[in-house]
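# Structural characterization, general
Each chain, letter by letter, is given below.
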Amino acid sequence: MAHQSRNGVRDWFVIYWNRTVRTTRTRGGTDLESRLRAMTRGGALYEKLPEKKVRCVACAHRCLVADGHAGICQVRFNEAGELRVPAGYTAGLAVDPIEKKPFYHALPGSLACSFGMLGCDFRCGFCQNWVSSQTLRDPRAGADVVEITAEQIVEAARRHGALSVTSTYNEPLITSEWSVEIFRRAREAGLATSFVSNGHATPEVVDYLRPWVDFYKVDLKTFNPRNYRDLGDKLEPVLSTIRMLYERGFWVEVVTLLVPRFNDSESELRDMARFIRSVSPDIPWHVTSFHSDYQMQDRHETSARQVVRAAEIGREEGLHYVYAGNRPGDVGDWENTRCPGCNALLIERVGFTVVINDLRNGRCPKCSAAIPGVWTMEDVEAARACGRREAPKLDIAKLVADAEGKFERVQGGSTTRAD
Ligand code: SF4
């Protein structure tokens, strides 16, 4: 099956229903749940506790799970004192430009093979992948799954010319063990690897992933702690994750889906940009346009003018690389990469297409400044060999407490800035 995406880039859904992979199921309900229960194995990211209880550490919920019960994500469950975790299936497999993830400073112009499973530890009303992320909570979703091996996913990536494989569509942290199994095979085949994640991680899972994940994209959804609680948990672990990822040497890019009347006030955008800058001004920040989806049908899509203004705020706050996304051809220069030193145009893009790449060995051709990124497979290899980076000491608890004080609850349960 192939379809034409919004900006004209052709996607290939590499579905093996009738070819090399056996179809296992169908739509919705208990049939899906029982199938998913069968496609599990013993996990790595948990601690055994007395009375056959376990503590899962794959995400910052740190669920205490009693025998016979599942965690908040509903896909990891305790069976007789062992945490069973998803493995051996996919709910979606596609090959498309890495810019779609989006990664703009990692192997630009290459193809990425994306795979996803089911479930999420959050419940965002504006989720644009809700069919896979919320399928175990919402009977309208009705996603399909297919048994598949790690070797078959890597083979699909190679056959379609991808340079990387990406765990995406649902929240990859909750399926970390299965992703690592795929990434081990991908590394053997000479491919790069990445996570597209909500960043609701723990130090344990970040350390578990570090040997196997090259690029990590985090959604910073809001700087309002109360809004984060409505989505599923807290702001603090997401901020800590961004810092941890940077410190441990992942290539990190941050994305904020700009949702009108949710996270689009100038002061909130400034807080997000300031936080990213405090970790490193070289972390790319993508502000992307929302379109009505799932439970958030009561507002219009984000205009090009709004995402451009958000990008300008990022630049005013000192970020070196800010991009306006999901509005191909409508946001002027904000799809491009320029040298922060001399302003030379380095990479020109339209949507997910790289039109020009003028980088010379990762440097500006005009002033020779080194441009942060993982531009080639040689850079990927070099980045794997690097140890920890210097990261600033940040009092994230205080940052969150300060942010809490800036918002006040208003009628209807949503929140707004008090300043
Ligand atoms: S992944 Fe998160 S939500 Fe799921 S069981 Fe583990 S701690 Fe709980």
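## Some words on the overall build of the protein
Of regular secondary structure, the protein possesses 11 helices and 23 strands. The burial tally for the protein puts 49% of its 419 residues in the buried class.

## Overview of the pairing of strand 4 (residues 46-49)
The sheet contact formed by strand 4 and strand 5 (residues 53-56) spans four bridges and is antiparallel. Looking at the pairing, Tyr46 lines up with Cys56 of strand 5. Between strand 4 and the antiparallel strand that follows it, strand 5, lie three residues; Glu51 among them carries a positive phi value of about 60°.

## Some thoughts on the sheet that holds strand 7 (residues 77-79)
Pairing is antiparallel in the open sheet, where three strands are placed in the order 3-8-7. Two strands close off the open sheet at either side, each with one partner strand: strand 3 (40-42) and strand 7. The average angle at which neighbouring strand axes cross in this sheet is 45°, direction not considered.

## Topic: the site of the ligand
By nearness alone, every residue bordering the ligand is listed as Cys56, Ala58, Cys59, His61, Arg62, Cys63, Gly71, Ile72, Cys73, Arg76, Asp121 and Ile174. Grouping the constituent residues of the shell around the ligand by class yields seven nonpolar, two polar and three charged.

## Overview of the environment of Ala87
Inspection of the secondary structure assignment puts Ala87 in the loop between strand 8 (82-86) and strand 9 (89-90). It is 5.0 Å that separates the C-alpha atoms of Ala87 and Trp178, two residues lying 91 residues apart in sequence. If we skip the residues at most four places from it in the chain, Ala87 touches Met39, Thr40, Arg41, Glu177, Trp178 and Glu181.

## Looking at helix 7 (residues 236-247)
Within an α-helix, residues lying three or four positions from one another point in the same direction, as the helix has 3.6 residues per turn. Under the 1.5 Å per step criterion, the end-to-end length of helix 7 is 17 Å for 12 residues, consistent within 8% with the ideal 16 Å. Taken across its 12 residues, helix 7 has nine buried, putting it largely inside the fold. Of all the residues in helix 7, the buried ones are Pro237, Val238, Leu239, Ser240, Thr241, Ile242, Met244, Leu245 and Tyr246.

## Quick word on helix 9 (residues 304-316)
Over its 13 residues, helix 9 runs 18 Å from end to end, which matches the ideal 18 Å to within 8%, given 1.5 Å per residue. Regarding helix 9, the residues found buried are Val307, Ala310, Ala311, Ile313 and Gly314. The arc that holds the buried residues of helix 9, viewed along the axis, is 155°, so those residues lie on one side. Looking at helix 9, the residues exposed on the side facing more than 90 degrees away from the buried face are Arg305 and Glu316.

## With respect to unusual backbone geometry
Omega for the peptide link from Lys101 to Pro102 comes to -5°, which places this bond in the cis form. Residue position: Pro102 is located in the loop between strand 10 (92-97) and strand 11 (111-116). Within the chain, Tyr169 stands out as a residue other than glycine whose phi angle is a positive 75°. The buried category is assigned to Tyr169, around which 23 C-beta atoms lie within 10 Å.

## Concerning the confidence of the model for the protein
Of the residues in the protein, 89% reach a pLDDT of 70 or more, and the chain-wide mean stands at 88. Under a pLDDT of 50 for its full length, residues 1-29 has, in the predicted model, 56 contacts with residues more than four places off or in other chains. With pLDDT under 50 throughout, residues 409-419 is counted as low confidence; its partners more than four residues away or in other chains account for 21 contacts.

## What about the nonpolar core?
Ile153, Val165 and Val252 are the most contacted members of the largest nonpolar core, which has 116 residues in total. Structurally, this core is a two-domain feature, drawing no fewer than three residues from each of domain 1 (29-86) and domain 2 (89-338 + 372-385). Among all residues touching Val252, those that are not within four sequence positions of it are Tyr216, Val218, Ile242, Leu245, Tyr246 and Ile283. Counting six residues, the second-largest nonpolar core is a separate cluster that includes Cys339, Ile347, Val354 and Ile371.

## Topic: the sheet that holds strand 6 (residues 64-65)
Strand order in the open sheet made by the three strands is 4-5-6, with antiparallel pairing throughout. Each end of this open sheet is capped by a strand with a single partner; those strands are strand 4 and strand 6. Bridge count between strand 5 and strand 6: two bridges; the pairing is antiparallel. Bridged to Arg55 within strand 6 is Leu64.

## Topic: the environment of Glu236
Its location among the elements puts Glu236 in helix 7. Residues Glu236 and Ala60, 176 residues apart in the sequence, show an inter-C-alpha distance of 9.7 Å.

## Concerning the environment of Pro340
Tracing the sequence through the fold places Pro340 in the loop between strand 19 (337-338) and strand 20 (345-350). C-alpha of Pro340 to C-alpha of Tyr321: the two residues are 19 residues apart in sequence and 7.9 Å apart in space.

## Observations regarding the packing of helix 8 (residues 266-279) against helix 9
One way to put it is that helix 8 packs onto helix 9 with a least axis distance of 9 Å and a crossing angle of 45°. What the angle tells us is that helix 8 and helix 9 run oblique. Judged by the sense of rotation from one axis to the other, the crossing of helix 8 with helix 9 is right-handed. Along the contact surface, helix 8 presents Glu266, Leu269, Arg270 and Ala273, while helix 9 presents Ala310, Ile313 and Gly314. When the residues that make up the contact of helix 8 with helix 9 are grouped by side-chain class, the tally is four nonpolar, one polar and two charged.

Quick notes on the rules
Residues numbered from 1 in each chain as written. Predicted model: local features only at pLDDT ≥ 70, side-chain atom pairs only at ≥ 80, totals over all residues. Helix = DSSP H or I, 4+ residues; strand = E, 2+ residues; numbered from the N terminus. Buried ≥ 20, exposed ≤ 12 C-beta atoms within 10 Å, placed from the backbone. Pairing = 2+ DSSP bridges. Axes fitted to C-alpha atoms, helices over the stretch in contact; angles between N-to-C directions. Near = placed C-beta within 6 Å. Nonpolar A, V, L, I, M, F, W, Y, C, P; charged D, E, K, R; others polar. Contact = placed C-beta atoms within 7 Å. Expected span 1.5 Å × (residues − 1). Arc of directions from axis to C-beta. pLDDT = per-residue confidence, 0-100. Core = buried A, V, L, I, M, F, W, Y, C linked by C-beta atoms within 7 Å. Domains from an automatic or database assignment. Parallel < 35°, antiparallel > 145°, perpendicular 65-115°, else oblique. Left-handed = near helix turned anticlockwise from the far one by under 90°.

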